[in-house]
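Here are the chains, one letter per residue:
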Amino acid sequence: MDIGNKKIMVIGGGPGGYVAAIRAAQLGGEVILIEKDRIGGTCLNVGCIPTKALLHTAEIYEEAVHGADYGVIANVRLDFAKAQERKTAVTNQLVSGVEGLLAVNKVKVISGVASFISNDTIEVKAANGGTETIKADRFIIATGSVPVKPPLPGIESKQCIDSTGALNLQEVPKTMVVIGGGVIGVEIATLYSTLGCKVIIIEMQNEILPMMDGELTRIIRSKLALKGVDIYTGAKVTGIKDEGAEAKVAVQMSDGRSSVFSCEKVLISVGRKTNTDALALDRAGIINDRGRITVNDKMETNVKGIYAIGDCTGKGMLAHIASAQGEVAAENSLGHESVFDIRTNPSCVYTNPEFASVGLTEEMAKEQGLDYLVGKFPLSANGRSLIMGGDGIIKFIVGKEYKEILGVHILGPRATDLIAECALAIQMEGTIDEIIATIHAHPTISEAVREAALSVEKRAIHMPNK
Amino acid sequence: MATEIKMPQLGLTMTEGLIGKWKKQVGDTVKKGDVLVEITTDKLSSEIESEAEGVLLAIIAKEGDEVPVQGLVAVVGEANEKINIASGVPQAEIKAESAAREEKAPVIEKTMGGRIIASPLAKKTAAKMGVDLSGITGSGPNGRIIQKDVLSQGQKAKAAVSRGIEDAAVVVPAGSGDIIKPLSSMRKVIGRRMTESKHSAPHVTITTEANVDKTIALRNKLNSINSDMRFTYTDILVKMAATALRNIPRMNSSIDGDNIIIHDRINIGVAVALEDGLLVPVVRDADRKGLKAICSDTKELIEKARGNKLTGDELIGGTFTISNLGGYDIDAFTPIINLPECAILGVGRIVRKPIVNENDEIVVASMMTLSLSFDHRIADGALAAQLLKLIKNYLEDPDQMYL
């Protein structure tokens, strides 16, 4: 095997790139990481981590507001500046932690923007204008993505913000229109609606969170509605008008009528696009589809020795996918055999309660014509969930013949942590029997995972089986 | 002081033994003469007894391992005694042995019913489809068998059945009422040797019928004048076959690479059926022995075979084999050659039936069908037919043996 002493160039220091760099260093490669901004990429700086930091503030705030229900009476007041300060502290700590890991692994970090000169050489432009040309044996492209700015009239209005802007607001707006009901839009809607903002979500498709299981999505939709979030699906924004303190957002509703919503902020969260413009992919001959780098399951591009991972491939666009692909690319770049398998990829939405999913949704199982069974267990019948004041549901989709787990969908407290068990089951080609045979601690929400598996065979203990 | 228990040499030609079931486990107290483990050679089943008193400290050879003669099998010593397994065994030998074991380990684990790493879905699918997991190479992480592997194996097996091809893995359907028993060491040896014979020696089986009236008369006469022993047809056939082979020595031969070895000695093996198996002890120099000697030899050998008391030497050196299924009302069959011999004689039952005699009269006679399988690499049909004809002649007229 071809190990070590190879110069591995990782372009981009997000959750894909830094993981690839560390893995390549572990395998004996001489690793250089190029980062144009801050180590940690979107995830640590303007994505996953800051969102969850602010959402945690929102969660505590909400519990405090309802503290009387739990016997805690307090005069609750939100200090959003403090919340932002804490978010920044958490982010900084994680970024410096990753920087420390890179240093320990002897990864050389160069600050600047990388462009290919040929298929084995890149040029790095530093912030101060200086350039440096570097050759390497292997390249791992991990340049991530940036928010899409749709060509809407008035998109340049000062009230329009993207997810980065939404995370850096210094105070909670009174009103906000969210254009795009995907994960980012729904999470920011959850954040600000909890903190007292009136939020309106405009989604072009027929349902928000289109990749999630429809049955559970309808539940989370009603929960958002209870919080005062208005959701309009099948609706299209036709223009935004800056009216000084507020913006007016014109929307063509699903029934064809036109409506106008006034708001302090307009969040544009219609999606993200690959961040590959600066790379000059053509100079290295890397095949791409409008900036989305084409790769196989070994994360190889068409050019030997050049790999691409994460958002810049235009698929998945999740930090944990990028990290998993980063390890695969690093291993393959150093002569090992590794492939990326998407089957166990969980999708998590940090709503309240949390929403997590792995494997096939019921809609997908139907579409694929599979013979499947469904098991469901409501969290209102779970002790721990009741204690925590949460509710929700756990839903299993299993094959009819062998009861293998095809998909699991959880809406409830800590759903994003609970989903790991189900992802493991899918990775192992597990059936409900293994979940059932595993003792789940009491009192935990995980008991409900087992109950939902039992309910596939109509033998749940803690609810009547219809 | 620990005692090393080694693989005994149970016969002159024995080179290695197959370890069977362990009767004692590590930590068990053993007395001198206690059976430690069953072993099988390519000829027989036997047991290894403890040569010392104490505690079984270590089992070196696992069930299914093949251990060379004098190879270390176990160590017996005092409880809590520290043992150095390397003592007395040259280092290189141990390394080679353990390396061989490591190489074999996964195969043994699979075939000996050890843990097969397969996903729960793969296991359920295999059970439903009747696919044997032990024959499948997994494509999942660390060689784990996943459903895809089972499905493709199932398809292969199906295709093999529809094409009628046997070389693809055979699918053994297992129903809920079926009893699954591991193969005994003897069955494994029989299986291996029979398969090897059928694969390497092109078999031809020729049959003929003999009028055995005179042989019956001879046997009756011999038994009436000898009260101390009872001659069987097998005894008489051993003598007749041996005499015939003396006259046609090329059928008393073996093939060895590019040579045919025509054996000087004529040693006749007699197939003995056991409860679950088959042994072929050998009557040595049957051509030079009188019927009495042959009779007492076969009697002793059969008794020993049934009591599992045969020594290795009593099972080797055969140059021709006789298998008599007459007692089971079998007329004719196609026996499998007991390699490295050249031929085997299958003996059918004696049945009284009408025949046409030399005067064109229909008379009743006692007839016996003889089946001779021979190795076509050594002999052609004419030569084998000569041998069978000679045996037939002896049966029809035993006096011809004097010629």
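Residue numbers run consecutively from 1 along every chain, following the written order of its sequence. Here chains are named by letter from A upward and ligands by number from 1 upward, in the order in which they appear as written. Two thresholds apply to this predicted model, a pLDDT of at least 70 for residue-level local features and 80 or more for giving and counting side-chain atom pairs, whereas whole-chain, interface and lining totals are computed over all residues. Note that water and hydrogens are dropped before the side-chain values are worked out from all heavy atoms of the structure.

A. Looking closely at the overall build of chain B. If you tally the helices and strands in chain B, you get eight helices and 18 strands. Here chain B holds 403 residues, and the buried ones make up 43% of them. Of the roughly 21600 Å² that chain B leaves accessible, carbon and sulfur atoms contribute 53%. Only DSSP runs of H or I covering at least 4 residues are called helices, and only runs of E covering at least 2 are called strands; the numbering of each starts at the N terminus. For every residue, the accessible area (1.4 Å probe, protein chains only) is compared with the maximum for its type, and the residue is labelled buried under 20%, exposed over 50%, or partly exposed between those bounds. Using the Shrake-Rupley algorithm and a 1.4 Å probe, accessible areas are obtained, with residue cover drawn only from the displayed protein chains.

B. Summary view of the overall build of chain A. The number of helices and strands found in chain A is 15 helices and 25 strands. Looking at chain A residue by residue over its 466 residues, the buried ones come to 52%. Looking at chain A alone, contacts between residues at least 24 apart form 62% of all its contacts between residues at least 6 apart. Within the structure as shown, chain A displays about 21100 Å² of accessible surface, and the carbon and sulfur contribution to it stands at 53%. Contact between two residues is taken to exist if any of their heavy atoms lie within 4.5 Å; hydrogens are not considered.

C. Structural view of the pairing of strand β2 (residues 16-22) of chain B. Residue and element names in this part refer to chain B. Of all seven residues that make up β2, five are buried, and the element is covered over most of its length. Strands pair, by our definition, only if DSSP identifies at least two bridges between them. Inspection of the sheet shows β2 paired to strand β7 (residues 66-68) by three bridges, in the antiparallel sense. Residue Glu-16 lies in a different strand from β7, and its bridge partner there is Pro-68. As judged from the three bridges shared by β2 and strand β4 (residues 35-40), these two strands associate in the antiparallel manner. By the bridge assignment for β4, Leu-18 is matched with Thr-40.

D. Local environment of the interface of chain A and chain B. With 10 residues of chain A at the interface, the matching set in chain B holds 13 residues. In total, about 930 Å² of surface goes out of reach between chain A and chain B, with carbon and sulfur atoms giving 55% of it. Three residues stand out in chain A for area buried against chain B, namely Tyr-402, Met-428 and Glu-429 of chain A, and they jointly supply 63% of the buried area on that side. One side-chain nitrogen of Lys or Arg within 4 Å of one carboxyl oxygen of Asp or Glu is enough to make a salt bridge. Our count for the chain A to chain B interface comes out at two salt bridges. Across the pair Asp-433 of chain A and Lys-124 of chain B runs a salt bridge whose closest N-O atoms are separated by 2.4 Å. Polar contacts here mean pairs of N or O atoms no more than 3.5 Å apart (in protein, one a potential hydrogen donor and the other a potential acceptor; neighbouring residues in sequence count only if both atoms are side-chain atoms). Linking chain A with chain B are six residue pairs in polar contact (both at pLDDT 80 or more). Computed with a 1.4 Å rolling probe, the buried area is the accessible surface lost when two parts are put together, summed over both parts.

E. Expanded view of the confidence of the model for chain B. Residues and elements named next belong to chain B. As a per-residue measure, pLDDT tells how confident the predictor is, with possible values from 0 to 100. Across chain B, the average pLDDT comes to 82, with 86% of residues at 70 or higher. Segment residues 86-113: pLDDT under 50, and 19 contacts once partners within four positions in sequence are set aside and those in other chains are kept. The ipTM value of the predicted complex is 0.72, and its pTM value is 0.61.

F. Representation of the pattern of salt bridges. Residue and element names in this part refer to chain A. Tallied over the full model, the rule gives 41 salt bridges over all chains. Across the pair Glu-457 and Lys-403 runs a salt bridge, and its minimum N-O distance is 3.8 Å. Remark: Lys-403 occurs in the loop between β24 (393-399) and β25 (405-412) and Glu-457 occurs in the segment after α15 (446-456); sequence separation between them is 54 residues. By sharing partners, the salt bridges in this structure join Asp-213, Glu-215, Glu-362, Lys-376 and Lys-395 into a single network.

G. Structural detail: the packing of helix α1 (residues 17-26) of chain A against helix α10 (residues 319-333) of chain A. Residues and elements named next belong to chain A. Note on geometry: axes are C-alpha line fits, over the in-contact stretch for helices, and angles between N-to-C directions span 0 to 180 degrees. Axis separation between α1 and α10 bottoms out at 8 Å; the angle between their running directions is 35°. In this structure, α1 crosses over α10, and the sense of that crossing is right-handed. Here Val-19, Ala-20, Arg-23 and Ala-24 of α1 lie close against α10, whose contacting residues are Ser-323, Gly-326, Glu-327, Ala-330 and Glu-331. Here the contact of α1 with α10 is built from residues that sort into four nonpolar, two polar and three charged. Helix crossings get a hand from a simple test, with the near helix turned counterclockwise from the far one by less than a right angle marking a left-handed crossing and a clockwise turn marking a right-handed one. By the convention adopted, Pro, Cys, Tyr, Trp, Phe, Met, Ile, Leu, Val and Ala count as nonpolar, Lys, Arg, Asp and Glu as charged, and the other residues, Gly among them, as polar.

H. Highlighting helix α3 (residues 48-65) of chain A. All names here are of chain A. When the terminal C-alpha atoms of α3 are compared, their 25 Å separation across 18 residues agrees well with the 26 Å that a helix rising 1.5 Å per residue should span. Restricting attention to buried positions, one finds in α3 the residues Pro-50, Thr-51, Ala-53, Leu-54, Leu-55, Thr-57, Ala-58 and Glu-62. In this structure, the buried side of α3 is in contact with α2 (41-46), α5 (80-104), α6 (163-167) and α7 (183-194). Multiplying 1.5 Å by the residue count of a helix minus one yields the expected span of that helix.

I. Structural context of the packing of α3 of chain A against α7 of chain A. All names here are of chain A. At a minimum axis distance of 9 Å, the contact between α3 and α7 shows a crossing angle of 35°. Crossing angle aside, the handedness with which α3 passes α7 is left-handed. Only Glu-187, Thr-190, Leu-191 and Thr-194 of α7 make contact with α3, whose side of the interface consists of Thr-51, Lys-52, Leu-54, Leu-55, Ala-58, Tyr-61 and Glu-62.

J. Representation of unusual backbone geometry in the model. Along the chain, Asn-352 of chain A connects to Pro-353 of chain A via a cis peptide bond; the corresponding omega equals 0°. When you line up the elements, Pro-353 of chain A lands in the loop between β21 (346-349) and β22 (354-359). The residue after Leu-339 of chain B, namely Pro-340 of chain B, is reached through a cis peptide bond having omega 5°. Residue Ala-280 of chain A is not a glycine yet carries a positive backbone phi of 55°. Along the chain, Ala-280 of chain A falls in the loop between β17 (272-274) and α9 (281-284). Look at Asp-360 of chain B: it is not a glycine, yet its phi comes out positive at around 60°. Structurally, the position occupied by Asp-360 of chain B is in the loop between β17 (343-356) and β18 (362-375). Exposure remark for Asp-360 of chain B: the relative accessible area of 68% places this residue in the exposed category.

K. Spatial organisation of the side chain of Asn-345 of chain A. Residue and element names in this part refer to chain A. With respect to the secondary-structure elements, Asn-345 resides in the loop between α10 and β21. Its relative accessible area of 16% is what places Asn-345 among the buried residues. In this view, Asn-345 contacts Leu-318, His-320, Ile-321, Ser-357 and Val-358; residues no more than four positions away in its chain are not counted.

L. Fine view of the sheet that holds strand β14 (residues 246-252) of chain A. Residues and elements named next belong to chain A. What the three strands build is an open sheet, ordered β13-β14-β15; its pairing is antiparallel. The open sheet has two free edges, formed respectively by β13 (236-243) and β15 (258-263), since each of these has just one partner strand. Neighbour-to-neighbour, the strand axes of this sheet turn through a mean angle of 20°, independent of strand direction. With seven bridges joining them, β13 and β14 adopt antiparallel strand pairing. Within β14, the residue paired with Val-237 across the bridge is Val-251.

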